[in-house]
Amino acid sequence: HEWVEVDGDTGTVGISNYAQEQLGDVVFVELPDAGATFEKGAEVAVVESVKAASEIYSPVSGDIIETNSVLIETPEMVNSDAEGAGWLYKMKLADAGELDGLMDADGYAEFVEGLG
């Protein structure tokens, strides 16, 4: 339930509105360090809510170039704008070909609809 928005060779990653709704009120976010390298599918971050803690897995491989440090002080931003200002981190993509295996927004919407 992670998303990635690509601009050139940079991917911005966050969690979907659906994931945020399932978690409930987010109270803490643990973000990766800039400069760290992650493979596709690796645990990158943790989002904790009043209900549970959820690991965030990297949708693609690459190097972390920036984290959304605003979330350290205001993790609730994930609740109000999970697919916008509540993004988690940005990474330089190692292999843009990995994007081909991901769902697009329409495919994800259909997938979530099927979960209900």
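Each value, and the rule that gives it
- Residues numbered from 1 in each chain as written.
- Predicted model: local features only at pLDDT ≥ 70, side-chain atom pairs only at ≥ 80, totals over all residues.
- Heavy atoms only, no water.
- Helix = DSSP H or I, 4+ residues; strand = E, 2+ residues; numbered from the N terminus.
- Buried < 20%, exposed > 50% of the residue type's maximum accessible area, 1.4 Å probe, protein only.
- Pairing = 2+ DSSP bridges.

Caption draft 1: Molecular detail of the environment of Thr67. Note that Thr67 resides in strand β7 (residues 62-67). The class for Thr67 is partly exposed, based on a relative accessible area of 22%. Separated by 14 residues in the primary sequence, Thr67 and Ala53 have C-alpha atoms spaced 19 Å apart.

Caption draft 2: Layout of the sheet that holds strand β2 (residues 10-15). Judged by pairing direction, the sheet is antiparallel, and its five strands sit side by side in the order β1-β2-β8-β7-β4 without closing on themselves. Looking at strand neighbours, the two that pair on one side only are β1 (2-7) and β4 (37-38), the edges of this open sheet. Here β2 runs beside strand β8 (residues 89-93); their pairing, made up of four bridges, is antiparallel. Following the sheet pairing, Thr10 is matched in β8 by Lys92.

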